[in-house]
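If you want the building blocks of each chain, they are given just below.
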Amino acid sequence: MNAVPSNSRRKFLKSGALIGGGLVVGFVVPGAKRFAQAAPAQAAAVSTGFAPNAFLRVGEDDTVTVLLSHSEMGQGIWTGLAMLIAEELDADWSKIKVEHAPAAQAYAHTTFGMQMTGGSTSTWSEFDRYRQAGATARALLVAAAAARFGVPVDQVRTEKGVAIAGDQRAGYGELAAAAAKLPAPKTPPTLKDAKDWKIIGKPTKRLDGPEKIDGRAKFGMDVQFEGLLTAVVARAPVFGGTVKSFDASKTRAVPGVRDVVQVPSGVAVIADHYWAAKQGRDALVVEWDLGSHAGLDTAKLREEFRALAATPGVIASQAGDVAAGLAGAARTLEAEYNVPYLAHAPMEPLNCTVKIEADGCEIWTGTQFQTMDQKVAAEITGLKPEQVRIHTMFLGGGFGRRATPTSDFVREAVHVAKAAGKPVKTVWSREDDVRGGYYRPMYLQRARIGLDAQGVPVAWQHVLVGQSIVGGTPFEAVLVKNGVDETSVEGVANSPYITPLKDHRVDLHSPQTGVPVLWWRSVGHSYNGFVMESLIDELAYAAKKDPVEYRRVLLKEYPRHLAALDLVADKSRWGSRPPPGRARGVAVHESFGSYIAQVAEVSLVDRPGGGKDIRVHRFTCAVDCGLAVNPDGVRAQMESGINFGLGAALYSALSLKDGRVQESNYHDYRVLRMDEAPEIEVHIVPSVEKMGGAGEPGTAPVAAAVANAVFALTQQRLRELPLRLQA
């Protein structure tokens, strides 16, 4: 939802670059200005009322339709952004409707110049623009009402979609036609003072809830119309592999199969429906050129990473003389941490429907990256970007996967439809999705920390080894500085535990492996939060200090960290004895401008066949995200982030052998299941600080909180994800 970039990233904002879990952008797509004003015209064309700008329409039936410049993928902006307009418009909340906006430059991100969703930026980036859109519409409606009532403008007030002057009243729908004829205000209307808010900051039920419950909501996979065919693609089993030849004779014999065509990503089987396409692909015989990555093996990669960690890397952060600082320390602690490749594994696998005609291209898909998708489709079809119309559907999960720099799944679908010469929906199975690339990178980290006599850090040497998610992409020039990808080291190079130290050094190695990698929910914080907060727990126990009290000492100059930590300690009853057989662990981490503290309460349960598994019973979370536009939405995102993070902490991992991804679906790429979800309490820190994000930050501290609780219970320090108890 919301985000304010951390201090380590502010320099990128100045250059128009975002580092975040949906996507990284730093440019305006060429040609975008040509259609910058298209959206208002499109909005007006489908309205019988009043469309004062690209972001809302007022219908003659009193409805207010909000056009969403970002994609709704479960994070709640369908409601949150609508609240901003409704507040300044003084709208009747029961009359609010929401639509995804078309792809147009009018909906470009306010900071980054292109239409996209990611990085926990949607709410903070639109906070002023959407309120201003509502205020402008209200000003025009008030002016129309004043003319109708025959009174000065300042004698008209508004309330719940009605303009009022004395005993005269007119609904917004009655005023829409007249308001549409008025010129826009010469100066932007004054926005409401926070003390006058009636909607912003109040817990509000989700507008998209009812249609998602009763099945009316339309996701990309739901798209269907007369003449639409379905395709599945046979892709190389090894990343970078290509088609040498294929035999489709058996495939063409499958009832319902219409065509078999080669596309850049593989061989597409096009059929009347999915089952025929899948059966046809199963019968397809393809000879592959596996290329240079047929020997990829994650076990071997780890050893290569370990060897790199023993060598100097590119310096991400440095002060003083770390070798001298370590030599002069009272004692030192050394540790190695490992995290695996992770798939995004959304509930709705990738899919994209494409219809190409001589004068235009229509695309129906759940995407986080409209501008890039539009540009890519235009290049493939030979059309202009403004001739590519994107219908953004509800996203059945994204977590970054639906925003690739290459627009891979949209690009593929456009190629398939072009080759077929007919409208085609290209569908990925979950197996295709899990094995299809673009993963959270695997990382190995090694730390050596020097402590004084009181157990407080005085020197810190830290090495990270893992792939860059922006290396080799169009964003490398902006986001990689002096060889350092900031997304790789965020939460470490700028850590409040490291940067104040007189002697410290953070090194980065960014090996190229051939495995496609991408931002994944909370990006670098997803592994660096685990490593840093686990290390701090190790230091606390080494110093024989309570983990909360130890953090309070180290974070004494960081009030927002402390506020979240103090709140979670209180609400989790940290100082009390846990129930028998259980223990608690704590973690606190800042990401995307929000400060999250969490306490996990865990026990061990018997594993069928022997051994013990970790069971998480309770999770307490405190969040300072600045202003919470919709507190219910913030709580929901913390719950979502915790459960998402728990799946990765306890189960999820991808492995490669002979170049092939070994996992395929939820049975062997485990995510958290309903009966494993803990009781979760979320507490919002009252804050007037800058607005931060909610969609991603809740995931970052999860694994550390659980691992720290396991140590408190067993004295086993687990330094690898997913967490596995030693026999």
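Look above for the structure.
Here's a quick rundown of the structure. (Residues numbered from 1 in each chain as written. Predicted model: local features only at pLDDT ≥ 70, side-chain atom pairs only at ≥ 80, totals over all residues. Heavy atoms only, no water.)

Here we take up the overall build of the protein. Assigned secondary structure in the protein consists of 20 helices and 29 strands. Taken along the three principal axes of its C-alpha coordinates, the protein extends 80 × 70 × 50 Å. By sequence separation, contacts in the protein at least 24 residues apart represent 77% of the contacts at least 6 residues apart. About 27700 Å² of surface is accessible on the protein, with carbon and sulfur atoms providing 51% of the total. Mean positive and mean negative side-chain charge positions of the protein (81 and 78 charges, respectively) differ by 1 Å. (Helix = DSSP H or I, 4+ residues; strand = E, 2+ residues; numbered from the N terminus. Contact = heavy atoms within 4.5 Å. Areas by Shrake-Rupley, 256 points an atom, 1.4 Å probe, with all protein chains shown as cover. Lys, Arg positive; Asp, Glu negative; His and termini not counted. Charge placed at Lys NZ, Arg CZ, Asp CG, Glu CD.)

Moving on, we get to unusual backbone geometry. Of note, the amide linkage connecting Leu721 to Pro722 takes the cis form, showing an omega dihedral of -5°. If you trace the backbone, Pro722 turns up in the segment after helix H20 (702-714). Located in the positive-phi region is Phe399, a residue other than glycine, with phi close to 60°. Relative to the helices and strands, Phe399 is located in the loop between strand S17 (388-392) and helix H12 (408-420). A positive phi angle, close to 65°, is found at Gln715, a residue other than glycine.

Ranked by size, the top nonpolar core spans 79 residues in total, and within it Trp460, Phe530, Leu535, Ile614, Phe619 and Val706 carry the most contacts. The dominant element in this core, judged by the number of residues it contributes, is helix H16 (residues 525-542), at 9 residues. Counting 69 residues, the second-largest nonpolar core is a separate cluster that includes Val233, Ala417, Ala420 and Val465. (Core = buried A, V, L, I, M, F, W, Y, C linked by side-chain atoms within 4.5 Å. Buried < 20%, exposed > 50% of the residue type's maximum accessible area, 1.4 Å probe, protein only.)

Let us look at the sheet that holds strand S26 (residues 612-624). Read across the sheet, 4 strands follow the order S24-S25-S26-S29 without closing on themselves; strand pairing throughout is mixed. Each end of this open sheet is capped by a strand with a single partner; those strands are strand S24 (583-591) and strand S29 (679-684). On average, each strand axis in the sheet is tilted by 20° relative to the strand beside it, whichever way the strands run. Across 12 bridges, the pairing between strand S25 (residues 594-606) and S26 is antiparallel. Considered in S26, the bridge of Ala600 is made with Phe619. (Pairing = 2+ DSSP bridges. Axes fitted to C-alpha atoms, helices over the stretch in contact; angles between N-to-C directions.)

What sits between S25 and S26 in their antiparallel hairpin is a turn of 5 residues, with Gly609 showing a positive phi close to 90°. With 6 bridges joining them, S26 and S29 adopt parallel strand pairing. Counted as the bridge partner of Arg618 is Glu679 from S29.

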